[in-house]
Amino acid sequence: MPLNIVLIEPEIPNNTGNIGRLALATGSRLHLVKPFGFEIDDKRLKRAGLDYWQYLEVIYYDNIDAFFTQNLDAKMIFLSSHGKQSHWDINFINDMFLVFGKESIGLPKPLLEKHQDQLFKIPLYSKEIRSLNLANAVSIIVYEGLRQLEL
């Protein structure tokens with residue numbers, strides 16, 4: 001697997017379904033960290049993921065501590081609108097973990113503080129918006145990672 005997509009406490013089933021579909025299309029692994037803002041069998045999740053969900057490699061974690069305990073040695077980057085570095089500066093490697101926060105507030109503040117050197121943002125060229133839709137942001141990052149890894 002070239003990349004690992006990590007969603008910390010996702011809230012919107014449609015986003016998670018779309019990201020699952022993206023993970024399958026790109027050969028990526030999806031990591032979902034509870035609690036979720038929906039039931040995993042939610043109709044909207046399945047509709048967004050269509051009939052592909054059964055083919056997707058998904059790893060579930062009961063909480064954020066369980067995720068970090070099970071992936072201690074993983075190379076991780078964190079994506080947030082609070083990042084100082086641009087996503088253009090990420091040096092992607094195979095099996096890298098791309099960590100995204102929940103739709104309403106992003107990554108927890110302690111993670112932002114702890115991982116400042118690994119914190120990146122997607123530049124926004126309008127002051128009228130705070131952030132991109134989570135599924136769109138994941139797509140941008142994953143495809144940039146694949147572009148770099150295929151060079």
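It should be noted that the structure appears before, not after, this text.
What comes next is a walk through the structure. (Residues numbered from 1 in each chain as written. Predicted model: local features only at pLDDT ≥ 70, side-chain atom pairs only at ≥ 80, totals over all residues. Heavy atoms only, no water.)

**Considerations on the side chain of Ser86**
- Among the structural elements, Ser86 can be located in strand 5 (residues 85-86).
- Sequence-distant contacts of Ser86, that is, excluding residues within four places in its chain, are made with Phe120, Lys121 and Pro123. (Helix = DSSP H or I, 4+ residues; strand = E, 2+ residues; numbered from the N terminus. Contact = heavy atoms within 4.5 Å.)

**Let's talk about helix 5 (residues 134-150)**
- Here helix 5 is 17 residues long and its end C-alpha atoms lie 24 Å apart, about the 24 Å a rise of 1.5 Å per residue gives.
- Turning to helix 5, its buried residues are Leu134, Ala135, Ala137, Val138, Ile141, Val142, Glu144, Gly145 and Leu146.
- Turning to helix 5, the residues buried within the fold contact strand 1 (3-8), helix 1 (13-26), strand 4 (76-79) and strand 6 (96-100).
- Among the residues of helix 5, the N-terminal cap falls to Asn133, whose side-chain oxygen and the backbone nitrogen of Ala135 are separated by 2.8 Å. (Expected span 1.5 Å × (residues − 1). Buried < 20%, exposed > 50% of the residue type's maximum accessible area, 1.4 Å probe, protein only. Polar contact = N/O pair within 3.5 Å; in protein donor to acceptor, adjacent residues only side chain to side chain.)

**Description of the sheet that holds strand 2 (residues 29-33)**
- Pairing in this open sheet of seven strands is parallel, and the strands run 3-2-1-6-4-7-5 from one edge to the other. Strand pairing shows two members of the sheet lacking a second neighbour, strand 3 (58-61) and strand 5, which therefore form its edges.
- The sheet contact formed by strand 4 and strand 7 (residues 119-121) spans two bridges and is parallel. The residue bridging Phe78 from the neighbouring strand is Leu119, located in strand 7.
- Those strands touched by helix 1 are strand 1 and strand 2, and its axis lies near 170 degrees from that of strand 1.
- Lying over the sheet, helix 5 contacts strand 1, strand 4 and strand 6, oriented at roughly 160 degrees with respect to strand 1. (Pairing = 2+ DSSP bridges. Axes fitted to C-alpha atoms, helices over the stretch in contact; angles between N-to-C directions.)

**Quick notes on the environment of Phe100**
- Structurally, the position occupied by Phe100 is in strand 6.
- Residue classification places Phe100 among the buried positions, given a relative accessible area of 3%.
- Once you skip the residues sitting within four places of it in the chain, Phe100 turns out to touch Val6, Leu7, Ile8, Leu79, Leu107, Leu134, Ala137, Val138 and Ile141.

**Some remarks on unusual backbone geometry**
- In this chain, Lys34 is followed by Pro35 through a cis amide linkage whose omega measures 5 degrees.
- Mapped onto the fold, Pro35 is located in the loop between strand 2 and helix 2 (43-49).
- With a phi angle near 50 degrees, Glu9 is a residue other than glycine that sits in the positive phi range.

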